[in-house]
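So the chains spell out like this:
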Amino acid sequence: MDLASTARQFAREGRLVTVYPTGNGNVNETYIAVFRTTYDEHRIVLQRINRHVFRRPEILMENLRRVTAHIHRRLLEEADQADRIWQLPAIVPCRDGKDWFIDDEGNFWRALTLIDSARAYETAQTTEHAYEVGSVLGNFHRLLSDMDAAAITHPLPGFHVTPRYLEMYDETCRTERAQRLLENSVEAQRLARFVEERRDFANCLQRALDRGELKLRMIHGDPKVNNILIDEYTAKGTAIIDLDTVGPGLIHYDFGDALRSIANPAGEEVEKLSRVDFSMELCEGFCRGYIRFAGDMLTDADRAYFYDSIRLLAFELGLRFFQDYLAGNQYFRVRFPEQNLNRARVQFRMCEIIEAREKAIRKILADCV
Ligand code: GN1
Ligand code: MG
């Protein structure tokens, strides 16, 4: 089925004018569909969910329904006191009233409202930008803090459970393909050693959860810089998008993931390792924004694990990219075969810098959060 016919399944007024690709997601495919009437225009975000990654997309949609209903209600209640219009995309149902559409090839499609006059950046622009990214994530955590995480099923079981990625990695390493890739690349061997040196560390958040020091809450799961929208007129953060990985987890997964992303000014795809950095200014800006909104919900134990979470999430994402490279690029979309290897190198370099600056990062955390 073609894109235009798919877009027409969703309930929007007017005639479909065009559908064009947008975004840089590593997993799903995203388009914008434009509908026009005689007097105005409607744009919606149309997405094809990657069924190889999301085996049960109905769970993802069920969570999206509940989370957006919860947040929209809270935002409306607080609207008069807020210093900005916080936004969150809503589901655009199909003409038959369902929340998704399955085409004749079995593809799973859904549509969302487009947040206009706000944009996402691939990398941090300024310290103020980092502050806004922190504010948006902090406010998101705060808004979800009264939702019962135990009542929600995660669409990707084991997501951000680092020891599980290590198991997958070990399994992959035993395959012929991985062996061959490792034998032929000194760089891949270096990354494999990098992983070995951090095996014990990989369990740190999981251990804290098992011991009851940390608890599961509702989290975003993927709060990287390009999932946070900045209002073009006020320069304030207004929305967080890409809610497909929302579910029960540790807020540390989000905190670490957001920082490994916002504090790396060169971005995830840079090829020269010397350009990778963990900016202390951006880190501080982010933390100040985060604490402004999420400060009241944090415990001392939460604070105690923030440094580890930054180091761990950079390591984990590097491990996920590296495992996927060794497995033949089955999970993350690539434009060239070495792309996941390169992405892994960048995250591991970040991890190294975070380790080297541990003292200074802990100081920022102690001062801000
Ligand atoms: C994937 O598809 P995208 O770009 O929103 C991944 C995240 C990674 C991110 C790294 C479901 O997100 O966990 O942090 O790539 N999403 C999933 O760019 O695995
Ligand atoms: Mg995502």
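About the criteria used
Residues numbered from 1 in each chain as written. Chains lettered and ligands numbered in written order. Predicted model: local features only at pLDDT ≥ 70, side-chain atom pairs only at ≥ 80, totals over all residues. Heavy atoms only, no water. Core = buried A, V, L, I, M, F, W, Y, C linked by side-chain atoms within 4.5 Å. Buried < 20%, exposed > 50% of the residue type's maximum accessible area, 1.4 Å probe, protein only. Contact = heavy atoms within 4.5 Å. Helix = DSSP H or I, 4+ residues; strand = E, 2+ residues; numbered from the N terminus. Domains from an automatic or database assignment. Polar contact = N/O pair within 3.5 Å; in protein donor to acceptor, adjacent residues only side chain to side chain. Nonpolar A, V, L, I, M, F, W, Y, C, P; charged D, E, K, R; others polar. Phe/Tyr/Trp six-rings, centres within 6.5 Å; stacked < 30°, edge-to-face > 60°. Lys NZ or Arg CZ within 6 Å of the ring centre and 35° of its normal.

1. A few points about the nonpolar core
Leu259, Phe278, Phe286 and Phe322 are the most contacted members of the largest nonpolar core, which has 107 residues in total. For Phe278, the residues in contact, after removing those within four places along its chain, are Leu259, Ala263, Cys283, Ile310, Met350, Ile353, Ile354, Arg357 and Ile361. Of all hydrophobic cores here, the second largest spans 14 residues; its members include Ala7, Phe10, Leu16 and Trp109.

2. Thoughts on unusual backbone geometry
Of note, His160 is a non-glycine position whose phi angle comes to about 70°, a positive value. By the secondary structure assignment, His160 is in the loop between α3 (127-144) and α4 (162-173). The backbone of Asp242 shows a phi angle near 65°, a positive value even though the residue is not glycine.

3. Observations regarding the domain arrangement of the protein chain
You can read the domains of the protein chain as domain 1 (3-114) and domain 2 (127-367). Placing the centre of domain 1 and that of domain 2 at their C-alpha centroids yields a distance of 26 Å. The interface is formed by 30 residues belonging to domain 1 together with 38 residues belonging to domain 2. On the surface where domain 1 and domain 2 come into contact, there are 18 residue pairs in polar contact (both at pLDDT 80 or more). At 12 residues, helix α2 (residues 57-78) tops the list of elements feeding residues into the side of domain 1 that touches domain 2. Here the residues of the side of domain 1 that touches domain 2 sort into 14 nonpolar, 9 polar and 7 charged.

4. Remarks on the packing of aromatic side chains
Counted according to the given criterion, the structure contains 14 aromatic pairs. A centroid spacing of 4.5 Å and a plane angle of 25° characterise the contact between Phe194 and Phe348, whose relative ring orientation is stacked. With a gap of 154 residues between them, Phe194 in helix α6 (residues 186-196) and Phe348 in helix α12 (residues 339-356) connect regions that are remote in the sequence. When sorted by exposure, Phe194 lands in the same class as Phe348, which is buried. Connected via pairs of aromatic rings, a cluster forms that spans Phe255, Phe286, Tyr290 and Phe306. The ring of Phe194 has Arg198 lying over it, and the distance from NZ or CZ to the ring centre is 3.6 Å.

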